[in-house]
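Okay, here's what each chain looks like letter by letter:
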Number of protein chains: 4
Amino acid sequence: MSKIFNSPSKYIQGPDELAKLGGYVDPLGTKALVINTPSGVKRVGAKVEAGFAEAKATPVYEDFNGECSENEVNRLVEVAKANGCDVIVGIGGGKTLDTAKATAYFMGCPVVICPTIASSDAPCSALSVLYTDDGQFDRYLFLPANPNIVLMDTTVIAASPVRLTVSGMGDALATYFEAQATHDADGATCAGGKGGLAALQLARLCYDTLMEDGVKAKVALEAGALTPAVEHIIEANTLLSGIGFESSGLAAAHAIHNGLTLLPECHGMYHGEKVAFGTLAQLVLANASTEQLEEVLGFCIEVGLPVTLGELGVEEVTREKAMIVAKAACAPDDTMGNMPFDVTPEMVADAILGADALGHYYLD
Amino acid sequence: MSKIFNSPSKYIQGPDELAKLGGYVDPLGTKALVINTPSGVKRVGAKVEAGFAEAKATPVYEDFNGECSENEVNRLVEVAKANGCDVIVGIGGGKTLDTAKATAYFMGCPVVICPTIASSDAPCSALSVLYTDDGQFDRYLFLPANPNIVLMDTTVIAASPVRLTVSGMGDALATYFEAQATHDADGATCAGGKGGLAALQLARLCYDTLMEDGVKAKVALEAGALTPAVEHIIEANTLLSGIGFESSGLAAAHAIHNGLTLLPECHGMYHGEKVAFGTLAQLVLANASTEQLEEVLGFCIEVGLPVTLGELGVEEVTREKAMIVAKAACAPDDTMGNMPFDVTPEMVADAILGADALGHYYLD
Amino acid sequence: MSKIFNSPSKYIQGPDELAKLGGYVDPLGTKALVINTPSGVKRVGAKVEAGFAEAKATPVYEDFNGECSENEVNRLVEVAKANGCDVIVGIGGGKTLDTAKATAYFMGCPVVICPTIASSDAPCSALSVLYTDDGQFDRYLFLPANPNIVLMDTTVIAASPVRLTVSGMGDALATYFEAQATHDADGATCAGGKGGLAALQLARLCYDTLMEDGVKAKVALEAGALTPAVEHIIEANTLLSGIGFESSGLAAAHAIHNGLTLLPECHGMYHGEKVAFGTLAQLVLANASTEQLEEVLGFCIEVGLPVTLGELGVEEVTREKAMIVAKAACAPDDTMGNMPFDVTPEMVADAILGADALGHYYLD
Amino acid sequence: MSKIFNSPSKYIQGPDELAKLGGYVDPLGTKALVINTPSGVKRVGAKVEAGFAEAKATPVYEDFNGECSENEVNRLVEVAKANGCDVIVGIGGGKTLDTAKATAYFMGCPVVICPTIASSDAPCSALSVLYTDDGQFDRYLFLPANPNIVLMDTTVIAASPVRLTVSGMGDALATYFEAQATHDADGATCAGGKGGLAALQLARLCYDTLMEDGVKAKVALEAGALTPAVEHIIEANTLLSGIGFESSGLAAAHAIHNGLTLLPECHGMYHGEKVAFGTLAQLVLANASTEQLEEVLGFCIEVGLPVTLGELGVEEVTREKAMIVAKAACAPDDTMGNMPFDVTPEMVADAILGADALGHYYLD
Ligand SMILES: [Zn+2]
Ligand SMILES: [Zn+2]
Ligand SMILES: [Zn+2]
Ligand SMILES: [Zn+2]
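None of the values given here were measured: they were computed from a predicted structure. (Residues numbered from 1 in each chain as written. Chains lettered and ligands numbered in written order. Predicted model: local features only at pLDDT ≥ 70, side-chain atom pairs only at ≥ 80, totals over all residues. Heavy atoms only, no water.)

So, about the UniProt feature "domain: Alcohol dehydrogenase iron-type/glycerol dehydrogenase GldA" (unreviewed entry) in chain A. Mapped onto the present numbering, the UniProt feature "domain: Alcohol dehydrogenase iron-type/glycerol dehydrogenase GldA" (unreviewed entry) falls on residues 8-154 of chain A. Secondary structure content for residues 8-154 of chain A is 34% helix and 30% strand, while the C-alpha to C-alpha distance between its ends is 18 Å. (UniProt positions renumbered as here; feature names shortened; annotations may be inferred. Helix = DSSP H or I, 4+ residues; strand = E, 2+ residues; numbered from the N terminus.)

Once that is clear, we can look at the sheet that holds strand E9 (residues 149-153) of chain A. Read from one edge of the open sheet, seven strands run E4(A)-E3(A)-E5(A)-E6(A)-E9(A)-E2(A)-E1(B), paired in mixed fashion. Single-partner strands in this sheet number two, and they are strand E4 (58-63) of chain A together with strand E1 (3-6) of chain B. Neighbour to neighbour, the strand axes of the sheet diverge by 15° on average, direction disregarded. In this sheet, E9(A) lies alongside strand E2 (residues 10-14) of chain A in parallel orientation, the contact comprising five bridges. When the sheet's bridge partners are listed, Tyr11(A) is paired in E9(A) with Val150(A). Lying over the sheet, helix H4 (residues 94-107) of chain A contacts strand E3 (31-36), strand E5 (87-92) and strand E6 (111-115) of chain A, oriented at roughly 170° with respect to E5(A). (Pairing = 2+ DSSP bridges. Axes fitted to C-alpha atoms, helices over the stretch in contact; angles between N-to-C directions. Contact = heavy atoms within 4.5 Å.)

This part is about the interface of chain C and chain B. When the parts of a complex come together, some accessible area is lost, and that lost area is often used as the size of the interface. Contacts between the two partners involve seven residues from chain C and, on the opposite side, seven residues from chain B. Buried surface at the junction of chain C and chain B, both sides included, amounts to about 390 Å², of which 28% is carbon and sulfur. Broken down residue by residue, the surface that chain C buries against chain B is led by Asp186(C), Pro340(C) and Asp342(C), which jointly contribute 65%. One can count two salt bridges joining chain C with chain B. The salt bridge partner of Asp342(B) is Lys194(C), with a shortest N-O separation of 3.4 Å. For the pair chain C and chain B, the interface holds four residue pairs in polar contact (both at pLDDT 80 or more). (Buried area = accessible area lost by both parts, 1.4 Å probe. Salt bridge = Lys/Arg side-chain N within 4 Å of Asp/Glu carboxyl O. Polar contact = N/O pair within 3.5 Å; in protein donor to acceptor, adjacent residues only side chain to side chain.)

All names here are of chain A. Around the zinc ion (ligand 1), the donor atoms from the protein are Asp171 (OD), His254 (NE2) and His271 (NE2), and they sit 2.1 to 2.2 Å away. Counting residues between consecutive donors of the zinc ion (ligand 1) along the chain gives the motif D-x82-H-x16-H. One end of the pair, Asp171, is in helix H6 (residues 162-185); the other, His254, is in helix H9 (residues 252-260), with 83 residues separating them in the sequence. Neither residue differs from the other here; Asp171 and His254 are each classed as buried. (Donors = N, O, S within 2.8 Å, 3.2 Å for Na, K, Ca; no water. Buried < 20%, exposed > 50% of the residue type's maximum accessible area, 1.4 Å probe, protein only.)

Let us look at the relation of the copies chain B and chain A. Superposing chain B onto chain A requires a rotation of 180° together with a translation of 0.0 Å along the rotation axis, leaving an RMSD of 0.2 Å. Expressed as a symmetry operation, the mapping of one chain copy onto the other fits a two-fold axis. When each C-alpha of chain B is compared by its distance to the rotation axis, Ser9(B) comes out closest, at 2.5 Å. (Least-squares fit on C-alpha atoms with pLDDT ≥ 70 in both.)

A few words on the coordination of the zinc ion (ligand 3). In an ideal octahedron of six donors the angles at the metal are 90 or 180 degrees, and in an ideal tetrahedron of four donors they are 109.5 degrees. All of the protein donors around the zinc ion (ligand 3) are Asp171(C) (OD), His254(C) (NE2) and His271(C) (NE2); their distances to the metal are 2.1 Å. Residue Asp171(C) is classed as buried on the basis of its relative accessible area of 0%.

Turning our attention to the interface of chain B and chain A. In this assembly, 33 residues from chain B lie in contact with 33 residues from chain A. In total, chain B and chain A occlude about 2,700 Å² of area from one another, counting both sides; carbon and sulfur atoms represent 55% of this. Among the residues of chain B in contact with chain A, Lys3(B), Phe5(B) and Leu197(B) are the three that bury the most area, contributing 23% of the side total. Taken together, the links from chain B to chain A amount to two salt bridges. Lys3(A) is the salt-bridge partner of Glu235(B), the closest N and O atoms lying 3.2 Å from each other. Between the two partners, chain B and chain A, sit 18 residue pairs in polar contact (both at pLDDT 80 or more). Of all the secondary structure elements, the ones that give two or more residues to the side of chain B that touches chain A are E1, strand E2 (10-14), helix H7 (197-222) and helix H8 (228-248) of chain B.

Counted by the stated rule, this structure contains 67 salt bridges over all chains. For Asp153(A), the salt bridge identified is with Lys47(A), shortest N-O distance 2.7 Å. Within this pair, whereas Asp153(A) is found in strand E9, its partner Lys47(A) is found in helix H2 (residues 38-53), the two being separated by 106 residues in sequence. For Asp153(A), a relative accessible area of 0% puts it in the buried group. Looking at Lys47(A), the relative accessible area reads 22%, which means it is partly exposed. Measuring nitrogen to oxygen at the nearest pair gives 2.7 Å for the salt bridge that ties Lys47(B) to Asp16(B). In this pair, Lys47(B) is assigned in helix H2 (residues 38-53) and Asp16(B) in the loop between E2 and helix H1 (21-25), connecting sequence segments 31 residues apart.

Quick look at the pairing of strand E3 (residues 31-36) of chain D now. Regular strands place their side chains on alternate faces of the sheet. Residues and elements named next belong to chain D. Among the six residues of E3, five are classified as buried, and the element is accordingly described as predominantly covered. Pairing of E3 with strand E4 (residues 58-63) involves six bridges; the strand directions are parallel. Residue pairing for E4: Leu33 is matched across the bridge by Val60. As for the winding sense of the linkage, the β-α-β connection from E3 through helix H2 (residues 38-53) to E4 is right-handed. When E3 meets strand E5 (residues 87-92), the two strands line up parallel, connected through four bridges. Its bridge partner being in E5, Ile35 is matched across the sheet by Gly90. (Right-handed = clockwise from strand over helix to strand, strands pointing away.)

With that settled, the discussion passes to the sheet that holds E5(D). With mixed pairing, seven strands are arranged side by side in an open sheet as E1(C)-E2(D)-E9(D)-E6(D)-E5(D)-E3(D)-E4(D). Of all strands in the sheet, those bounded by a partner on one side alone are strand E1 (3-6) of chain C together with E4 of chain D. Ignoring which end each strand starts from, the neighbouring axes of this sheet average 15° apart. Against the sheet, helix H4 (residues 94-107) of chain D engages E3, E5 and strand E6 (111-115) of chain D, with an angle of about 170° to E5(D).

Our next topic: the nonpolar core. Residues Ile256(A), Ile88(B), Ile256(B), Ile256(C), Ile88(D), Ile256(D) and Met336(D) are the most contacted members of the largest nonpolar core, which totals 396 residues. Top contributing element to this core by residue count: helix H7 (residues 197-222) of chain D, with 15 residues. Apart from residues lying up to four places away in sequence, Ile88(D) is in contact with Leu33(D), Ile35(D), Ala80(D), Ala100(D), Thr103(D), Ala104(D), Met107(D), Cys109(D), Pro110(D), Val111(D) and Val112(D). (Core = buried A, V, L, I, M, F, W, Y, C linked by side-chain atoms within 4.5 Å.)

Below you can see the structure in the form of structure tokens.
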């Protein structure tokens, strides 16, 4: 099997970058459908408009209706066609961005992704998750290419809720461990091949950046300060984790995350928060060294990521609940198969309970 | 200034990958103009054809006339238009690939780059170098995006002349040192911004891979063996060095290379061979540690990269020749400005003479 | 640009050295104008007089009027001329010493500087700061040479208020970080050239001495004990930091200090206390490693240097105040340009707020 | 005893600095007696004159007669007086510079020292060695202050014979070992006190610089290249070793050097070459570790400093000759007393013979 490395064609990051959006769109098309939520327009609309004033490309602004559904995508495709748009821009969080990716796919035109939060590693990827109009999971839409541009306005992101960026650190925390596991298992990645040197190294850099700059960034963000550590964490959460997960593989941490979505108590938690606990469970499953466990636990506790099921909302922890999660995590089409040894649901349930116990041990 | 990370959208590497070319073209278009030299057709034509047999996309084969000139690009654009092609494929060495990139640019359609050698870091970049029909430098054509796909058939590359792959190691050798210098100087990169964490780390990985696998790969290649070390070196020469140089910056090594092209004695040497000596001169200019110098010198001598001007063909070394090179290297539009300190032509000439002397010292 | 290393011609340090002052003056002149404050005379007058008794040089004692102003300097020049003095001696704190330096400069004769505190790195430098008679900043007087002799009587200094010596540690704390930044930026120093190996190394030794002996000295000073650690800290605060700052460069820490003087809340704080916080802000601006940050924060907290704006007197911290400081710190004639990367006022404000937040985080 | 740190007031180093000499003289006086040898005038006269053209100070050029004798100094004092000179400039090697220092001392005016070689650490010091007119040692003239300016034109020095700069490395090689010995013995330094932190650290930096840059510089100098390593070695030989030896102490190495001057066979060797062997003998005397011995021996052999008495010209080595050297080295007014243990002539003779034997052992 070949080694495949996927990447957005261009990743741009810096303060007030949204003000230059128009200029970045110029080489891609002449008329841009700019998708944003009404609240997003309030936050960054003026900045975006000012930027287009100096560009050759013309913007067509359209509100996002709030759900990334086939109907919404179809509606936006019609808007794009009716306006003669030849490039799609999405501004906002996960659902807005996934909708923009899907709209561009069906239009066969380039897409520019402008996250206003750094809460997960989804922006850089070649994937949209579609829901029904009433919010149920519908299907994955695998795209033939990653976004043409991912544009991170770090001023905007630094002003977003701190918990969202911390959650992004939780998602990024899993990247290296899942990449290394996939490499050791000689497993396949979301990019459709094996991982190469590049993606695995970026996954490692992602982890090292979290350890070095995570706490500094959290402290700075709470003071409203856009320090270099914050810039580094935004790059780690988005680009490093984005390339890392897609081109070097997912394994137990995300599989356990997927299992955790079956517990109603966890529904209020962010993706990255559940992934952080999934990472801890993967480390227990693989019997990581005490040194490694303590580093990860210490990090999670310092930045405020959950290390127990209780912190994820599960007030009463039982083996039954752990088995529900574990069985789902071991579903054949999930990524548990990228662990470098045979895994049974019982092993996963024990790892979940063991991680929960370790979390309590270090919290106390 | 923002941080910008450029990348081919998809980098694919493995044995006999050219046989899958048709399948990789499918998501990008329905009719592919496949540009190749007559000799390239002999080497890989059957493999490519077989691969298209199973694909939905239809290939249109067209010979490359040997020079990457405006006339040739225009001719190919006409061929593409006449045949209704909506994706361009280039197979071969630097000039063929640059022609394919330029043709795709003027067609406004995707491009798939299939190098048959690993002699430089150009394949992944967003740049074509145009020449006149009789082979004189014409101009740089800066492209708005990197290739959609870069496809490395390692079986083909492992069968190419060893000196070409070693030359690619010379080009890759510079990447980390120029990246670090640019980072230290807070300089701009070819991608149009500052480097971020990701590209600098890939530049470092490029260097570490050369040190770890370079000699092993050279030995294997001479025996016609496609070992994992060869796979690593192909990735280092092409992807790691490609992203590394473009998104983390060039500095003295390439500037000195450019100066060396003014010496007629060097005309027979490959790009990467001159870059290797430029790297040594950059290390002397920056007063790299003895340990670092010895590592680089030892590597060059072991794999067969030049460490003296004599090995580059300059039989009589004079300060005057060094100054010709140095003055060109310090031209304002070259990349010497990415060194983290003020540099004068005199300093560069002294570094060139000093590098030459060191090379002799370690050769003896 | 050339490398320039400036130094007092002779730096002398030891217990009761003031008692030998006369002997040190002998080779420089025959009649010394000895400038001291009335309170200084009470503290060290008898010791100085006793020393001159055995010397060939004759002392002419003259009270300092309390302000280093052009009028005061002119007055002292007249006194010196009227008495036929051919060497000037200053005994006391910053203003007395600066007045002595300026008087000697206008007399064209040698100067002996005798600090009675170790609160800043000014004594060794070739600079006097002139004020108006009512205490407003007037101008910098750049001198062609550093003092002929700097004489540190460590018995006297050990008896001065501890907070003053701690403040000197705050000034000395910045030295290495500003020196390294200036070196990395290839910037110019106060000595009028580039730094060389010697000054950068003394800056490093200054930092290492603070880390090794700072807390020990603080504890000893509070007990009135002149231990070797106290001797080391006096040398670090005065000679090492003095040569270090002048010949290896200032950067963000002092620029931020200068900005902090615009906040009325900080007026009660000593120079070195503001510099200590400026150092912390520089470290955040440069994204120093967590290990480095923790070492500096731990040191400051242990010896009693401020790590938050609150400890500097700023009860209500706002981004507006941070921007006032930051804009002044980025003035073109200040030393922010010696940071090895482009710096904007916004970045500095974020670094100040980030440093304040980090300080609170580690204080709690 | 007090700690005393002596230094030239200003040390300036860089390419073509002699062309700026006039500007540097300006703040020190209006009429400069410029002392140079006839051959020195040929080498650098035009450069110096050009520089004075733009300065306010007027130069009075006077040839040096070749010997630093009381008569020559008196002659030059008369020339200076007759021309109304108020500043003295010496350009050249040791004797010219010592003559300039002595002339300035008797004139009571500032002195600017411009070495055209880097063969010893004498330029920065407060000492002149006087000879009789026919070249016999007369006496030491201890000066009250170090030079006002020491100006190193590295272009000129890099063009001087390589053996001279290597000899300077030999002189510099002793600095750290003698400084550390004096520190351990709590001995006195040439500056008239004890060493402090600063001078000892510069001595250490001197050694580290030789180890890192010595061989690189030698190789570059042989190729006529003024690389950064050459700049570093010039600073090490002159400033670092100059401050180091004067303010942190001499010990066995220079005492043994002084003894070696009694052997007629050594008269053709440079000061630094004899000091290098003296250093080796000191290491044997103090039973330095094998690691340390090998580092020093390896360095000497690589740069071409003598490690045996044979290389110093002593064809027949006998215990009698060693005792002649050893007895002189142990003279009470020499610096053997700065070794941190009791030393007898027998011990020194054995150390000399042992060093010679070790040198042979490593040479073979
Ligand atoms: Zn995730
Ligand atoms: Zn190249
Ligand atoms: Zn200060
Ligand atoms: Zn010597």
